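Summary of the model geometry
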Amino acid sequence: AWSKTDFYPGPVMDSTAYSIYTDSAWNYMWNLKKTEIEYHKAHWNQAGYQPIHDILTWPGNGNIVLGQAAHLAPFYDANGDGAYNPLDGDYPLILGDQSLFFIFNDDRNIHSETQGNKMKIEVHGMAYVFDMPGDSAFNNTVFLKYKLFNRSQWAFYQTYIGNFTDFDIGW
């Protein structure tokens, strides 16, 4: 049970753009700490500075040639040009003191778990935590924020969306 899937890594794109290569590229979670972003903000314009991998590869820009949305992950646009470029001082916008950002969709392939229809739904997820050693509730809580995008031509009415999360340590 539950060995099948309805969702696949990455944003919704043109059906001809889906491949094992795009799957591999999007089967990733960007893991950033607030301190890493603050360091980037303070040093991006210094000679020899190189952003860390997850700031450099932050998926702020979609690839419109592949049919992706122009903007994906949230970012601060330092020069207002509308494109994410950390070498221009742009930086990811995260929640909490550490965040994991990921994108998945229901459009890539068949819904083998539910046998349902594709809806062209794109989900942007951010799991985040706060570093608050003095507050046992905050220091032991993982927050999840999902932002859903309807990338189809249809408006969905009376639609119900459920979420099941089972965090188990070790499996």
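Please refer to the structure placed before this passage.
Residues numbered from 1 in each chain as written. Predicted model: local features only at pLDDT ≥ 70, side-chain atom pairs only at ≥ 80, totals over all residues. Heavy atoms only, no water.

**A short note on the side chain of His 124**
Structurally, His 124 can be placed in strand S6 (residues 121–129). For His 124, a relative accessible area of 5% gives the class buried. Within the local environment of His 124, its side chain forms a polar contact with the side chain of Glu 122, the two groups lying 2.7 Å apart. In this structure, His 124 is in contact with Leu 72, Phe 101, Phe 102, Ile 103, Lys 145, Tyr 146, Lys 147, Phe 149 and Arg 151, ignoring residues within four places of it in sequence. (Helix = DSSP H or I, 4+ residues; strand = E, 2+ residues; numbered from the N terminus. Buried < 20%, exposed > 50% of the residue type's maximum accessible area, 1.4 Å probe, protein only. Polar contact = N/O pair within 3.5 Å; in protein donor to acceptor, adjacent residues only side chain to side chain. Contact = heavy atoms within 4.5 Å.)

**A word on the pairing of S6**
Burial analysis of S6 places eight of its nine residues in the buried class, the great majority of the element. As paired elements, strand S5 (residues 98–105) and S6 share eight bridges and run antiparallel to each other. Across the sheet, the residue bridging to Phe 101 is Met 126, located in S6. Note: S6 against strand S7 (residues 143–150), eight bridges, orientation antiparallel. By the bridge assignment for S7, Ile 121 is matched with Asn 150. (Pairing = 2+ DSSP bridges.)

**Here we look at the environment of Tyr 49**
Structurally, the position occupied by Tyr 49 is in the loop between helix H2 (34–43) and helix H3 (53–56). Contacts of Tyr 49, omitting those with residues within four sequence positions, involve Tyr 39, His 40, His 43 and Trp 44.

**Some details on the nonpolar core**
Counting 21 residues, the largest nonpolar core has Trp 26, Leu 32, Ile 37, Trp 58, Ile 94, Phe 101 and Met 126 as its most contacted members. Mapped onto this core, the elements with two or more residues apiece are strand S2 (30–33), S5 and S6. (Core = buried A, V, L, I, M, F, W, Y, C linked by side-chain atoms within 4.5 Å.)

**Focus on the pairing of S2**
Working note: regular strand, side chains alternate between the two faces of the sheet. Residues Trp 30 and Leu 32 line the buried face of S2, whereas the alternating positions Asn 31 and Lys 33 sit on a face that is not buried. In this structure, S2 lies alongside S5, joined through four bridges in antiparallel fashion. Bridge pairing in S5 places Asn 31 opposite Leu 100.

**Some words on the environment of Pro 51**
Considering the arrangement of structural elements, one finds Pro 51 in the loop between H2 and H3. Once residues lying within four places of it in the same chain are set aside, the contact partners of Pro 51 are His 40, Leu 56, Pro 86 and Leu 87.

**Overview of the packing of aromatic side chains**
Under the criterion given, the structure shown has 15 aromatic pairs. With 6.2 Å between their ring centres and 50° between their planes, Tyr 39 and Tyr 49 make a pair best called tilted. One end of the pair, Tyr 39, is in helix H2; the other, Tyr 49, is in the loop between H2 and H3, with 10 residues separating them in the sequence. Given the relative accessible area of 48%, Tyr 39 is considered partly exposed. (Phe/Tyr/Trp six-rings, centres within 6.5 Å; stacked < 30°, edge-to-face > 60°.)

**Points about a nonpolar patch on the surface**
Residues Val 142, Leu 144, Tyr 146, Leu 148, Ile 161 and Phe 167 make up a contiguous nonpolar surface patch of roughly 590 Å² in combined accessible area. Assessed through its relative accessible area of 40%, Leu 148 is described here as partly exposed. (Patch = residues over 30% accessible without salt bridge, like charges linked within 9 Å, V, L, I, M, F, W, Y side chains within 5 Å. Areas by Shrake-Rupley, 256 points an atom, 1.4 Å probe, with all protein chains shown as cover. Salt bridge = Lys/Arg side-chain N within 4 Å of Asp/Glu carboxyl O.)

**Re the layout of surface pockets**
The space that makes up the largest pocket amounts to roughly 1600 Å³. Taken together, 45 residues form the lining of the largest pocket, with Phe 7, Phe 104, Tyr 146, Asn 163 and Phe 164 sitting closest to its centre. Mapped onto the lining of the largest pocket, the elements with two or more residues apiece are strand S1 (8–9), S5, S6 and S7. Top element by residues in the lining of the largest pocket is S5. It accounts for six residues. Grouping the constituent residues of the lining of the largest pocket by class yields 27 nonpolar, 14 polar and four charged. Within this model, the second largest pocket holds a volume of roughly 230 Å³. Every residue lining the second largest pocket is counted, 14 residues in all, and those nearest its centre are Pro 74, Phe 101, His 124, Lys 145 and Lys 147. Elements that contribute at least two residues to the lining of the second largest pocket include exactly S6 and S7. Grouping the amino acids of the lining of the second largest pocket by side-chain chemistry returns eight nonpolar, three polar and three charged. (1 Å grid on protein atoms, 1.4 Å probe; cavity = no way out; pocket = protein on both sides within 12 Å on 5 of 7 lines; lining within 4 Å. Points joined across faces, edges and corners; volume = space filled by probe spheres on them. Nonpolar A, V, L, I, M, F, W, Y, C, P; charged D, E, K, R; others polar.)

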